[in-house]
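Read off the chains here:
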Amino acid sequence: QVQLVESGGGLVQPGGSLRLSCAASGSVISINNMAWYRQAPGKQRELVAGITLVGTTNYADSVKGRFTISRDNAKNTVYLQMNSLKTEDTAVYYCNADIVSRGTSYFARYWGQGTQVTVSS
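Residues numbered from 1 in each chain as written. Predicted model: local features only at pLDDT ≥ 70, side-chain atom pairs only at ≥ 80, totals over all residues. Heavy atoms only, no water.

Colleague: Outline the packing of aromatic side chains, supporting the account with residue identities and numerical values.
Modeller: In this description, an aromatic ring pair is defined by two values, namely the gap between the centres and the angle between the planes. In the structure shown here, the tally under the stated rule is one aromatic pair. Against the face of Y79 rests R19, its NZ or CZ located 4.2 Å from the ring centre. (Phe/Tyr/Trp six-rings, centres within 6.5 Å; stacked < 30°, edge-to-face > 60°. Lys NZ or Arg CZ within 6 Å of the ring centre and 35° of its normal.)

Below is the structure:
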């Protein structure tokens, strides 16, 4: 009933920028928290940035000052603007959202399929 689809990943040189998008579709009634996670080879999945319904944000220390998370509630979409990218930012990035859908009276956690971000010269 509900799907999260990421887009915007790809190959970029160090110091470059990339903007990820994640749109929720299906029988969406409301969306609470949204977030971006990432997982690099051999590492645990980690929280990159999160944003609440009212726009409160939090970031991993490694991306503060470089990444910006935002959302468009009318479009059921969350974004991650990534600037000054470093090679260590290379990972699969996953969108996450807590969503109430048709026939559901509680928020359930959904995950996107992941999008590859590669920072390399």
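Following the structure, the description resumes.
Colleague: Give me the lowdown on the sheet that holds strand β3 (residues 18-26), citing residues and values where you can.
Modeller: For sheets, the rule is that strands pair by backbone hydrogen bonds, running either parallel or antiparallel. Spatially, the four strands line up as an open sheet ordered β1-β3-β8-β7, and their pairing is antiparallel. Taken across any chain shown, the strands that pair with only one partner, and hence form the sheet edges, are β1 (2-7) and β7 (67-72). In this sheet, adjacent strand axes meet at a mean angle of 15 degrees when their direction is disregarded. (Pairing = 2+ DSSP bridges. Helix = DSSP H or I, 4+ residues; strand = E, 2+ residues; numbered from the N terminus. Axes fitted to C-alpha atoms, helices over the stretch in contact; angles between N-to-C directions.)

Colleague: Residue-level account of the environment of T56, with values.
Modeller: With respect to the element layout, T56 can be found in the loop between β5 (46-51) and β6 (57-59). Residue classification places T56 among the partly exposed positions, given a relative accessible area of 47%. Residues T56 and S70, spaced 14 residues apart in sequence, show a C-alpha to C-alpha distance of 9.5 Å. Apart from residues lying up to four places away in sequence, T56 is in contact with G50 and I51. (Buried < 20%, exposed > 50% of the residue type's maximum accessible area, 1.4 Å probe, protein only. Contact = heavy atoms within 4.5 Å.)

Colleague: An account of the pairing of strand β8 (residues 77-82) is requested, with residue identities and associated values reported.
Modeller: In terms of burial, β8 is largely enclosed, as five of its six residues are buried. Of the pairings in the sheet, the one linking β3 to β8 comprises six bridges and is antiparallel in character. The residue of β8 that forms the bridge with S21 is Y79. As judged from the six bridges shared by β7 and β8, these two strands associate in the antiparallel manner.

Colleague: Tell me what's going on with the state of the cysteines, and back it up with residues and numbers.
Modeller: Using the criterion set out here, one finds one disulfide in the structure. Each disulfide pairs two cysteine sulfurs, and for C22 the partner residue is C95, the sulfurs being separated by 2.1 Å. The S-S bond linking C22 to C95 shows a torsion near -85 degrees; that makes this disulfide left-handed. Of this pair, C22 sits in strand β3 while C95 sits in strand β9 (residues 91-101), placing them 73 residues apart in sequence. Overall, C22 belongs to the buried group, its relative accessible area being 0%. Judged by its relative accessible area of 0%, C95 is buried. (Disulfide = S-S within 2.5 Å.)

Colleague: For unusual backbone geometry, give the residues involved together with the corresponding values.
Modeller: With the exception of glycine, most residues fall at negative phi, and the peptide bonds are largely trans. Positive phi is not limited to glycine here, since N76 has a value of about 50 degrees. Judged by relative accessible area, N76 falls into the partly exposed class, the value being 24%. Its identity as a non-glycine residue notwithstanding, S84 has a phi of 50 degrees, on the positive side. Among the structural elements, S84 can be located in the loop between β8 and β9.

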